[in-house]
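Letter by letter, the chains look like this.
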Amino acid sequence: NAGVMQNPRHLVRRRGQEARLRCSPMKGHSHVYWYRQLPEEGLKFMVYLQKENIIDESGMPKERFSAEFPKEGPSILRIQQVVRGDSAAYFCASSPPVRGSLYGYTFGSGTRLTVV
Amino acid sequence: GQQVMQIPQYQHVQEGEDFTTYCNSSTTLSNIQWYKQRPGGHPVFLIQLVKSGEVKKQKRLTFQFGEAKKNSSLHITATQTTDVGTYFCAGPSNAGNMLTFGGGTRLMVKP
């Protein structure tokens, strides 16, 4: 029973390029959450999605960032025109199909994005 | 907005010493969760507390949820080098849709 799968593990992008981060939730989990962690800092909520729906994107920067969770396939976090400040670890978590904070999250291994 | 704060931010201990991290929320929580993140790793769920005043133990780890359900603590007895990592508490957001994480306490253990 595979856990939450994130890829790639490491991603290097030049300033101005696009970054695409993928997350496949655990089997049976239909809720996906994206968090960002800057070096030596805590986890900051970005967006909460269910299949084909964005439930809460209050933590997502208004520009350059977008997320989706299509009916088929993984959830995608997309960062356009990356800047150095986007360098961080991006973690995806999933939970069972109940209200998003009632059960512990299972996190993926994360994608470490480095913008050069 | 809701805030979840943890102290201390860092803690160095000698192996065998005890360790405690404290978590405080600006709002009453329906539950509180604790996670551990090893250096270079990802957060791993440890436990969830739901009831006021609840105390749960996992081997050398003791978790407590305050009576007012606004604070929590994690105590590790006789730390070992395997306890190294950052410990995060997390509580439901105001809307209840997702978890708000504290800033974490980074534990370093000297052998």
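The structure displayed is predicted, hence computed values, not measured ones. (Residues numbered from 1 in each chain as written. Chains lettered and ligands numbered in written order. Predicted model: local features only at pLDDT ≥ 70, side-chain atom pairs only at ≥ 80, totals over all residues. Heavy atoms only, no water.)

Undergrad: How do you make sense of the overall build of chain B when you look at a structure like this?
TA: Looking only at helices and strands, chain B has zero helices and eleven strands in total. Against the globule reference of 13 Å for 111 residues, chain B gives a C-alpha radius of gyration of 13 Å, in line with a compact fold. The burial tally for chain B puts 49% of its 111 residues in the buried class. Sequence-distant contacts, at least 24 apart, represent 53% of the contacts inside chain B between residues at least 6 apart. As displayed, chain B offers around 5200 Å² of accessible surface, 51% of which is attributable to carbon and sulfur atoms. Put simply, chain B has 11 plus and 6 minus side-chain charges, and the middle of one group is 7 Å from the middle of the other. (Helix = DSSP H or I, 4+ residues; strand = E, 2+ residues; numbered from the N terminus. Rg over C-alpha atoms; globule rule 2.2 N^0.38 Å. Buried < 20%, exposed > 50% of the residue type's maximum accessible area, 1.4 Å probe, protein only. Contact = heavy atoms within 4.5 Å. Areas by Shrake-Rupley, 256 points an atom, 1.4 Å probe, with all protein chains shown as cover. Lys, Arg positive; Asp, Glu negative; His and termini not counted. Charge placed at Lys NZ, Arg CZ, Asp CG, Glu CD.)

Undergrad: Looking at this structure, how should I read the side chain of histidine 29 of chain A?
TA: Residues and elements named next belong to chain A. Residue placement: histidine 29 occurs in the loop between strand 3 (19-24) and strand 4 (31-37). Within polar-contact distance, the side chain of histidine 29 engages the backbone nitrogen of serine 95 at 3.4 Å. Other than its neighbours up to four places away in sequence, histidine 29 contacts Ser94, Ser95, Pro96 and Thr106. (Polar contact = N/O pair within 3.5 Å; in protein donor to acceptor, adjacent residues only side chain to side chain.)

Undergrad: I would appreciate a short explanation of the pairing of strand 8 (residues 75-79) of chain A in the present structure.
TA: Within a regular beta strand, the side chains point alternately toward one face of the sheet and then the other, so they alternate between its two faces. Residue and element names in this part refer to chain A. Across the five residues that make up strand 8, a large majority, four, are buried. With four bridges connecting them, strand 7 (residues 65-68) and strand 8 associate as antiparallel partners. Note on strand 8: the bridge partner recorded for phenylalanine 65 is isoleucine 79. In sequence, strand 7 turns back onto strand 8 through a hairpin of six residues, with glycine 73 there showing a positive phi of about 100°. (Pairing = 2+ DSSP bridges.)

Undergrad: Sorry, what's going on with the interface of chain B and chain A here?
TA: Accessible area lost upon the coming together of the parts is a frequently used measure of interface size. With 22 residues of chain B at the interface, the matching set in chain A holds 24 residues. Between chain B and chain A, roughly 1700 Å² of surface is buried when both sides are summed, and carbon and sulfur atoms account for 49% of that area. If you sort the residues of chain B by the area they bury against chain A, Asn97, Met98 and Phe101 of chain B come out on top, with a joint share of 31%. Summed over the shared surface of chain B and chain A, the number is zero salt bridges. Run the count over chain B and chain A and you get six residue pairs in polar contact (both at pLDDT 80 or more). Of all the elements, strand 4 (residues 32-37) of chain B adds the most residues to the side of chain B that touches chain A, at three residues. The residue makeup of the side of chain B that touches chain A, split by class, is ten nonpolar, eleven polar and one charged. (Buried area = accessible area lost by both parts, 1.4 Å probe. Salt bridge = Lys/Arg side-chain N within 4 Å of Asp/Glu carboxyl O. Nonpolar A, V, L, I, M, F, W, Y, C, P; charged D, E, K, R; others polar.)

Undergrad: Whenever I open this one, unusual backbone geometry confuses me. Can you help?
TA: Across the junction of asparagine 7 of chain A and proline 8 of chain A, the peptide omega takes the value 0°, indicating a cis bond. Looking at the element boundaries, proline 8 of chain A is found in the loop between strand 1 (5-7) and strand 2 (10-13). Here isoleucine 7 of chain B and proline 8 of chain B are connected by a cis peptide whose omega angle stands at -5°. At arginine 64 of chain A, a residue that is not glycine, the phi angle is positive and equals roughly 75°. By the secondary structure assignment, arginine 64 of chain A is in the loop between strand 6 (53-56) and strand 7. Unlike most non-glycine residues, lysine 59 of chain B shows phi in positive territory, near 55°. Residue placement: lysine 59 of chain B occurs in the loop between strand 6 (55-58) and strand 7 (61-65). The exposure class assigned to lysine 59 of chain B is exposed, which follows from its relative accessible area of 86%.

Undergrad: Is there a simple way to think about the nonpolar core in this case?
TA: Side chains of a nonpolar character, in soluble globular proteins, are inclined to be buried together. Within the largest apolar cluster, 23 residues are counted, with the highest numbers of intra-cluster contacts made by Trp34, Met46, Leu77 and Tyr90 of chain A. Elements with a contribution of two residues or more to this core: strand 3, strand 4, strand 5 (43-50), strand 7, strand 8, strand 9 (88-95) and strand 11 (111-115) of chain A. Setting aside its immediate chain neighbours within four residues, leucine 77 of chain A contacts Ala19, Arg20, Leu21, Trp34, Met46, Met60, Ser66, Ala67 and Tyr90 of chain A. The next biggest cluster of nonpolar side chains, apart from the first, holds 19 residues, and it includes Val13, Ile32, Leu49 and Leu107 of chain B. (Core = buried A, V, L, I, M, F, W, Y, C linked by side-chain atoms within 4.5 Å.)

Undergrad: Help me out: how do you make sense of the layout of surface pockets in this one?
TA: Taking a probe equal in size to a water molecule and rolling it over the atoms shows the remaining empty space. Reported here for the largest pocket is a volume of approximately 890 Å³. Lining the largest pocket are 44 residues, and of these Gln37, Leu38, Glu40, Glu41 and Gly42 of chain A sit closest to its centre. Of all the secondary-structure elements, those providing two or more residues to the lining of the largest pocket are strand 5, strand 9 and strand 11 of chain A together with strand 1 (4-7), strand 9 (85-92), strand 10 (99-101) and strand 11 (105-110) of chain B. Looking at which element gives the most residues to the lining of the largest pocket, the answer is strand 11 of chain B, with four residues. Grouping the amino acids of the lining of the largest pocket by side-chain chemistry returns 18 nonpolar, 20 polar and six charged. (1 Å grid on protein atoms, 1.4 Å probe; cavity = no way out; pocket = protein on both sides within 12 Å on 5 of 7 lines; lining within 4 Å. Points joined across faces, edges and corners; volume = space filled by probe spheres on them.)

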